[in-house]
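Structural features, examined
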Amino acid sequence: MAGPQPPPWVHAAVLLCLLGLGGAIEIPMDLSQPPTITKQSVKDHIVDPRDNILIECEAKGNPAPSFHWTRNSRFFNVAKDPRVSMRRRSGTLVIDFRSGGRPEEYEGEYQCFARNKFGTALSNRIRLQVSKSPLWPKENLDPVVVQEGAPLTLQCNPPPGLPSPVIFWMSSSMEPITQDKRVSQGHNGDLYFSNVMVQDMQTDYSCNARFHFTHTIQQKNPFTLKVLTNHPYNDSSLRNHPDMYSARGVAERTPSFMYPQGTASSQMVLRGMDLLLECIASGVPTPDIAWYKKGGDLPSDKAKFENFNKALRITSVSEEDSGEYFCLASNKMGSIRHTISVRVKAAPYWLDEPKNLILAPGEDGRLVCRANGNPKPTVQWMVNGEPLQSAPPNPNREVAGDTIIFRDTQISSRAVYQCNTSNEHGYLLANAFVSVLDVPPRMMSPRNQLIRVILYNRTRLDCPFFGSPIPTLRWFKNGQGSNLDGGNYHVFENGSLEIQMIRKEDQGIYTCVATNILGKAENQVRLEVKDPTRIFRMPEDQVVKRGTTVQLECRVKHDPSLKLTVSWLKDDQPLYIGNRMKKEDDSLTIFGVAERDQGSYTCVASTELDQDRAKAYLTVLGRPDKPRDLELTDLAERSVRLTWIPGDDNNSPITDYVVQFEEDQFQPGVWHDHSKFPGSVNSAVLQLSPYVNYQFRVIAVNEVGSSHPSLPSERYRTSGAPPESNPSDVKGEGTRKNNMEITWTPMNATSAFGPNLRYIVKWRRRETRETWNNATVWGSRYVVGQTPVYVPYEIRVQAENDFGKGPEPDTVIGYSGEDLPSAPRRFRVRQPNPQTINLEWDHPEHPNGILTGYSLRYVPFNGTKLGKQMVENFSPNQTKFTVQRADPVSRYRFTLSARTQVGSGEAVTEESPASPNEAYTNNRADISTQGWFIGLMCAIALLVLILLIVCFIKRSRGGKYPVREKKDVPLGPEDPKEEDGSFDYSDEDNKPLQGSQTSLDGTIKQQESDDSLVDYGEGGEGQFNEDGSFIGQYTVKKDKEETEGNESSEATSPVNAIYSLA
């Protein structure tokens, strides 16, 4: 039955090999062996003169090798030079200059020899050179005089350094020289001008050389240019002319080559190096450069253009890159071409590098040394560092060109052989030893290893071994069965067992057995099969706006016995998880997405055995890049054409372009919007105003936002004219009661139309129609003094510049300053019912300005007691207000004033009317505390005392007083008291007067009695007779309600007081 088939994705997973299948056989270090070089310095060894010199050479062998050196092919005695030492257990040379000495004295070609009793190994020939950074020779450079439009080359000629310095051009003030297709630096360091323009005089030009080892920069004396021209540089109309060269009187020329010169040249490059072809051309206008290969296309995977297309670089060239290349320089006047013949040569490179040869006594073997190059390299054999021809003869050895054949090898054949292959471009040196050993098999790896592999993968079980003769190796599974080879298994020459596709049934114990004539050795490997790691929900491509949040999913299934790690890459580099990112087990969240977050995101799910990857691309819709290369053409008196190159739209199409301008007279440095154009255009005609020194910039707009502004264009000034408009927003308002301030919005740079912009201000009283007053003002305000309070004026403001006046201005009505208003008229307070008070008033007779409103203050009061004051503010049109009384007893005092913007004017005060009940209550509450009342009471008391004295005097004389008291029943003749006409006191007479009672405030209040001494005293009927007796009747008392309504009726009669005391 066929085993389970792997899913399609498994074929993408490949387990890396642990060892090379064809790796050289390593002799265990406990066995005797010739030396082997393990580390050495590079062939061209350049050192820093400020440091000690280190020339490396390390080797292994048994016994441990010893070292010696040659310098310039002669023995170098290390012991004789106190500055030179050799590291312990190493051949590395250390040359110490702390105590003095010149490093240059040790330059030369060094070679290391590692030797033990079985042979000698050699290092490469190491050429030691000391880095040099020579000073630039001092020279005085005369100004370079050149005609505008002519080509120019400024030569650098740096001092010869080791290694060659890096060249760059700057001004003497260390500002980089701006390079473009017209001005650029060649590979040789010279600065080329395809055509010189007058603006090239604005700076000087200095060549700088940076030296690698010393980290120093040397600067050549600067060149200064003097450009002969027919027009001055500040003539902006010519600098912005669409045909600038002809407008400036520069003759247009067909291209010609500045480098290389002529129509053809040749170039040689070594295999594996970079090929750099360069063509720099002059011409007016500046030529464009294009590259071609004769008979074929440029290698797209290796070719790239540099230096504004003036250079073609092909990386890691091979023989197929040989051929003819040509560059084409063209402008509107014509074109020329230069052909470069490229030849690819090659230093020697290995086809078959010799490897160590391990033989048992009596075995045969061979060393092979094959190399290629252009020209064909020669091969030279050496043994233990000596030419093979001068070595002792060995009958068991045969040299056949690039191969040495050994037959019936004996122990005496042990040696280290060197193969040196060279041509005019370089050399290769390889060491390979021949070791003759008699060793039974041995295993070189730890025993009983555990190897875990992933299902359906290809894997290899290694069983490193050693023996001489070289043992044969066989594999078995679970200790039984035949040798594993064939089908799903494959055994390599080095003994490794490859299982081409692991299945579950391949799990088990594998045994490797190494056998030679001297014995056998075995080792076991336990194989475990694990489930693969796979991403079952992959991140998806997304397109998001800047500032939003995005989540990339990555859900993984893996073998539970393996530890899973999930990581993320951005653009194939490890992703730094910053504050804006959150990584979870199954997702990656990015908050506030920015333009820099755009790119590919790879989820990497890894265990110690395998990994799976899933990639998604995040597209961020960002603001567009700024436009560039602004150019002004089609210059006219009132218009200009502006052209620009759009920037990258950053994945969101550009919808609009906003053109802004800046002028340097009224608001220098301030940018204003000029016009707006669709995103599909990159050129527009701009309408201009007179006498403005314009400078433009462009902003691109898309759905996400606006780009940064472009770099500004060159300036363009239009000619002047009289103003075509007058200032706007003209107003006349008083700031004080006796003035009027006239203000307006000043005209901007695009409406000034000429120099010395000023304003003619006119004014007069509106009613009087007097003659106009006028003044010339340079600012935006004028104050008219000594004006009446708040009267209307007619105002005109007209613009004027040095070219003339603007149109006749419109007349605007303004007012002089305001003052405080007079009091509101006819302030009325009415009380239609006990709960409501209505207020009404009329506007002030003299408002003295624009009324802004009314202020009402009112407070309740009860006698001398005041309540909480309240404030109400009304609009200027309101003349009524209603107050709802919270207290039916208290009265209200109202104060009303009108307001202008100056403040509140004269106030008027009124009180609410008093009700009858309210008047009575107030007098009762307050009369006892009044001075007049206290005096009256004292007078009454004195009168009562006098009357009492008179009564007692009369009584002592025996007089009787016939008195008829008014009662409900009239005094009839049957009354016994009336028969003799006398009046006797009785117990009833001593009682208090009927119907009288004392009030809470101490006054006597009469309620029911019909008698009143007050009435008695005031009545017209009562009188005294001749002997002083009182005759007559009491006057009839007024009704109770009438008495309570009369304040004078509340006073107690002194006659009643007498009766109350009798």
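Data block above holds the structure.
A brief look at the structure comes next. Everything numeric in this text was worked out from a predicted model, so none of it was measured.

Some remarks on the sheet that holds strand β53 (residues 581–584)
- The strand order across the open sheet formed by three strands is β49-β54-β53, and the pairing between neighbours is antiparallel. Of all the strands in the sheet, the pair left with one neighbour each is β49 (550–553) and β53. Going from strand to strand, the sheet's axes swing by 10° on average, the running direction of each strand aside.
- Inspection of the sheet shows β53 paired to strand β54 (residues 587–590) by four bridges, in the antiparallel sense. Paired with E584 across the two strands is S587, which belongs to β54.

Describing the packing of aromatic side chains
- Under the defined criterion, the tally for this structure stands at 19 aromatic pairs.
- Each ring, one from F193 and one from Y205, has its centre 5.5 Å from the other, and the planes form 85°; the classification is edge-to-face. Placement of the pair is F193 in strand β16 (residues 191–193) and Y205 in the loop between β16 and β17 (206–211), with a sequence separation of twelve residues.
- Classification of F193 as buried rests on a relative accessible area of 0%.
- Residue Y205 is classed as buried on the basis of its relative accessible area of 4%.

Things to note about the sheet that holds strand β40 (residues 459–461)
- Spatially, three strands are ordered β40-β44-β43 in an open sheet, and the strand pairing comes out antiparallel. In this open sheet, the two strands that pair with only one neighbour each are β40 and β43 (489–491). Mean inter-strand twist for the sheet, computed between neighbouring axes without regard to direction, equals 25°.
- Examined bridge by bridge, β40 and strand β44 (residues 497–499) share three bridges and lie antiparallel to one another. Across the sheet, the residue bridging to T459 is I499, located in β44.

Quick word on helix α5 (residues 931–956)
- Here α5 spans 38 Å end to end across 26 residues, near enough to the 38 Å set by a 1.5 Å rise per residue.
- Buried within α5 are the following residues: F933, I940 and V944.

Structural notes on the environment of L228
- Within the secondary structure, L228 sits in strand β19 (residues 225–228).
- L228 gets classed as partly exposed once you look at its relative accessible area, which sits at 36%.
- Separated by 79 residues in sequence, L228 and G149 place their C-alpha atoms 9.4 Å apart.
- What L228 contacts, discounting residues up to four positions off in sequence, is V145, V146, Q147 and E148.

Section: the nonpolar core
- Membership of the largest hydrophobic core comes to 30 residues, with the highest contact counts inside it found for I53, I55, W69, L93, Y106 and Y110.
- Elements that contribute at least two residues to this core include exactly β3 (53–55), β4 (57–62), β5 (66–71), β8 (93–95), β9 (108–116) and β11 (126–130).
- In contact with I53, other than residues within four places in its own chain, are V47, L93, V94, I95, F97, P103, Y106 and L128.
- With 23 residues, the next largest nonpolar core counts F465, W475, Y489 and Y510 among its residues.

Here's the deal with unusual backbone geometry
- N62 connects to P63 through a cis peptide bond whose omega is 5°.
- Inspection of the secondary structure assignment puts P63 in the loop between β4 and β5.
- Phi angles above zero are rare outside glycine, and S316 is one such case at about 45°.
- Here S316 is to be found in the loop between β26 (311–314) and β27 (323–331).
- On the basis of relative accessibility, which here comes to 42%, the residue S316 falls in the partly exposed class.

Thresholds, definitions, all that
Residues numbered from 1 in each chain as written. Predicted model: local features only at pLDDT ≥ 70, side-chain atom pairs only at ≥ 80, totals over all residues. Heavy atoms only, no water. Pairing = 2+ DSSP bridges. Helix = DSSP H or I, 4+ residues; strand = E, 2+ residues; numbered from the N terminus. Axes fitted to C-alpha atoms, helices over the stretch in contact; angles between N-to-C directions. Phe/Tyr/Trp six-rings, centres within 6.5 Å; stacked < 30°, edge-to-face > 60°. Buried < 20%, exposed > 50% of the residue type's maximum accessible area, 1.4 Å probe, protein only. Expected span 1.5 Å × (residues − 1). Contact = heavy atoms within 4.5 Å. Core = buried A, V, L, I, M, F, W, Y, C linked by side-chain atoms within 4.5 Å.

Shape descriptors only; they carry no functional weight alone.
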